[in-house]
Amino acid sequence: MLGLALKMLFGDRAKVLGLVFGVAFATLLVTQQGAMFVGLMTRSQNIIADAQDVDIWVMDPSVEHPDLVRPMRDGELFKVRGVPGVAWATPFFKGGAPVKTQEGRTKGAVILGVDDATLVGVTQRFVIGSPTDLQRPDAIAIDRVGFMQLWPGEPLSVGKVLELNERRAVVTAITDAAPAFSAQVIIHARYSQASSYLPTGRNRLSFILARAMQGAEPSTVARDITERTGLKAHSSEEFSRQTVRYYLRNTGIPISFGTTIVLGIVVGAAIVGLTFSMFVSENIAQYAMLKVIGVTNIRLVGLVLFQACVVGVIGYAIGTGLAAAFFAFACTPTSALRGFVLPWWIATAVAGTILVLILLSSLASLRRVLVVEPAVVFSG
Amino acid sequence: MTAPDRNPIAVSCRGLVKQLGSGSIRTRVLHGIDLDVFPGEMTFLLGPSGCGKTTLISTIAGLLVADEGKVELFGTNLAELGRRSLVHFRGAGVGVVFQQLNLFPALTATENVAVPLLVQGRAGASAKALAQAMLREVGLETHLTKYPSQLSIGERQRVAIARALIHEPRLIICDEPTSALDGASGQRVMELLRKVARDPGRAVLVVTHDARIVPFADRIAHMSDGRITRIDVRTEREAA
Ligand SMILES: Nc1ncnc2c1ncn2[C@@H]1O[C@H](COP(=O)(O)OP(=O)(O)O)[C@@H](O)[C@H]1O
Ligand SMILES: [Mg+2]
């Protein structure tokens, strides 16, 4: 019986193509956009994600996300160190500056300065060299993609000299730092050096990175820090969540992605619904004949749903395959889209969405199959 | 003359009334039909176009529900069956060939004929073997894997009849089986149906207004304007 349903379905090639296209289209659009959105939200937390040894982020009370910092007075670092439950606390600098190669190429760079002695907060992913290479004079580490942008076509190598705000810097290591929200070169340096690249006033302390003592809950310690210092303090997870929430609330990103996703679902549903109802009405005589032959309504419903699900599975597989191919080919580690992946839970959520879409669009058609009177179809 | 006593009546209609359409176009199509169809016989329903023949056989097959009167098939009152039991009862006991044949265009001749067996839950391989045997019986052994679009109308008609016969229903109903066929193909189809009707347990009801095939009938119910006007019983066949 299911074989019969399949043959009936594929006997109508034009409609099968339309149906599969509709489902694949919706799947591709929703999956790709959904994953891009998640990827962007992940990027917004890049420095939090890279600072793996950090429990607690302390910042000026006005700071809402890592991309817009307001420096604190240097003395705040000592206050934080004095809060009970804090194992250690180190300074972290974040700023932006133009970077210029000796060949004259200029790019915007985000400069991250980590504690001179401990290097806390530096990315753990080094492609060439290691964090200790930052200890050398004028040393900076540059991210791989940044290197490729500044010296296009050249193999990755250390020893290159850069100008940061007219001050000399030597590339001593190359990292695979988590990409920033905007496509900037990511430079790591010692705190003292990084902050010297920028014409700041006395205050250059962007964040204080801290660790809770063994056994202490980071979020509890963070609350204590806020109470004692008046600074904003979050556990790393809280800060990540806060950051995402900030972008969701205060940027057009969710709306623009949401619009595309909703559009994908609506257009997909429209194509699938219309084509499927056309398929059913054009083949209504066949369903009616099945009734004559002794197929009950329940089985007929099963048959129709099976046909819809086959179309759904094929379309979903194609759409997800295309989306996966996009992320595999367009988001290589050295591309501007690096770090974007297709999370399994998005693929699963889209599968659920497509299932609902398929069920809804076959529902209208099902009614016609149920009420069809063979005698009316065949009176002639 | 009545049927031999050992056989129950295959179809018994009493006082059948059926209205079709709705609202102002609702019209009475059947005006109190009394009709008996006997096993081992070929019964013809003869009448002009539009007199209600298709409506009558649809009601007999349980595809339409009579507004008044009753239909009994082999002693079972259709009105007493539930919806599902009616579907199963029809599926197992009645083979219907409609005028448009309604073959499944995406299925081969063999697959088309196998459908009733598959619906009744028989395994694919054995359904296929039986379908092929049935197609051989109707003279289509060289067309087993052809699709309806690759067959002539006469061949399609035989596929449709094979599909109506495959599960050995006790009642076979054919609506205008020869109307689209030339004389020779029509004869061939009727000979096939007559062979079935020779089975003392099975009845064949043929709707037609084709005079060429009248000699095949054992019993002819003349229909006009929603009424049975006359019933002729022929005894020549037994005599011959
Ligand atoms: N669904 C319907 N609604 C209203 N009238 C119908 C409907 N179907 C058939 N009729 C009418 O019922 C009459 C009998 O139709 P039918 O049984 O198909 O006749 P036949 O098979 O003898 O040609 C015709 O006059 C036809 O116009
Ligand atoms: Mg008719």
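What counts and how
Residues numbered from 1 in each chain as written. Chains lettered and ligands numbered in written order. Predicted model: local features only at pLDDT ≥ 70, side-chain atom pairs only at ≥ 80, totals over all residues. Heavy atoms only, no water. Helix = DSSP H or I, 4+ residues; strand = E, 2+ residues; numbered from the N terminus. Rg over C-alpha atoms; globule rule 2.2 N^0.38 Å. Buried < 20%, exposed > 50% of the residue type's maximum accessible area, 1.4 Å probe, protein only. Areas by Shrake-Rupley, 256 points an atom, 1.4 Å probe, with all protein chains shown as cover. Lys, Arg positive; Asp, Glu negative; His and termini not counted. Charge placed at Lys NZ, Arg CZ, Asp CG, Glu CD. Polar contact = N/O pair within 3.5 Å; in protein donor to acceptor, adjacent residues only side chain to side chain. Contact = heavy atoms within 4.5 Å. Domains from an automatic or database assignment. Buried area = accessible area lost by both parts, 1.4 Å probe. Near = heavy atom within 4 Å. Axes fitted to C-alpha atoms, helices over the stretch in contact; angles between N-to-C directions. Left-handed = near helix turned anticlockwise from the far one by under 90°.

## Let's talk about the overall build of chain B
Okay, so step 1: If you tally the helices and strands in chain B, you get seven helices and 10 strands.
Okay, so step 2: For chain B, whose C-alpha radius of gyration is 18 Å, the value lies close to the compact-globule estimate of 18 Å for 240 residues.
Okay, so step 3: Judged by the C-alpha coordinates and their principal axes, chain B covers about 45 × 45 × 40 Å.
Okay, so step 4: Per-residue burial for chain B yields a buried fraction of 54% across its 240 residues.
Okay, so step 5: Put simply, chain B shows about 10300 Å² of open surface, and 50% of that area lies on carbon and sulfur atoms.
Okay, so step 6: In chain B, 29 positive and 24 negative side-chain charges are present, and the distance between their average locations comes to 5 Å.

## Here's the deal with the side chain of N112 of chain B
Residues and elements named next belong to chain B.
Okay, so step 1: In this structure, N112 sits in helix α3 (residues 109-119).
Okay, so step 2: At 3.5 Å, the side chain of N112 forms a polar contact with the side chain of R163.
Okay, so step 3: For N112, the contacting residues outside a window of four places in its chain are L103, F104, L107, P148, V159 and R163.

## Focus on the domain arrangement of chain A
Residues and elements named next belong to chain A.
Okay, so step 1: Each assigned domain of chain A is listed here: domain 1 (2-44 + 252-378) and domain 2 (73-230).
Okay, so step 2: Distance between the C-alpha centres of domain 1 and domain 2: 47 Å.
Okay, so step 3: Contacts between the two partners involve eight residues from domain 1 and, on the opposite side, nine residues from domain 2.
Okay, so step 4: Buried area between domain 1 and domain 2, summed over both chains or domains, comes out near 830 Å², and the portion from carbon and sulfur atoms is 64%.

## What to know about the site of ligand 1
Residues and elements named next belong to chain B.
Okay, so step 1: Surrounding ligand 1, one finds L20, G21, V29, P48, S49, G50, C51, G52, K53, T54 and T55.
Okay, so step 2: Contact between ligand 1 and C51: an oxygen atom at 3.3 Å from a main-chain N or O atom of the residue.
Okay, so step 3: For ligand 1, an oxygen atom lies 3.0 Å from a polar atom in the backbone of G52.
Okay, so step 4: Contact with the protein chains hides 69% of the accessible area of ligand 1, taken as 570 Å² for the molecule alone.

## Remarks on the packing of helix α11 (residues 297-330) of chain A against helix α12 (residues 344-371) of chain A
All names here are of chain A.
Okay, so step 1: In contact at an axis separation of 9 Å, α11 and α12 are set at 145 degrees when each is read in the N-to-C sense. In this structure, α11 crosses over α12, and the sense of that crossing is right-handed. Facing N297, L300, V301, V304, L305, A308, C309, G312 and Y316 of α11, the residues of α12 in contact are A347, T348, V350, A351, I354, I358, L359, S362, L366, V369 and L370.

## Let's talk about the side chain of T229 of chain A
Residues and elements named next belong to chain A.
Okay, so step 1: With respect to the secondary-structure elements, T229 resides in helix α7 (residues 218-229).
Okay, so step 2: Judged by relative accessible area, T229 falls into the buried class, the value being 13%.
Okay, so step 3: Reaching out from T229, the side chain makes a polar contact with the backbone oxygen of I225 at a distance of 2.6 Å.
Okay, so step 4: Residues in contact with T229, not counting those within four places in the same chain, are K79, V80 and V83.

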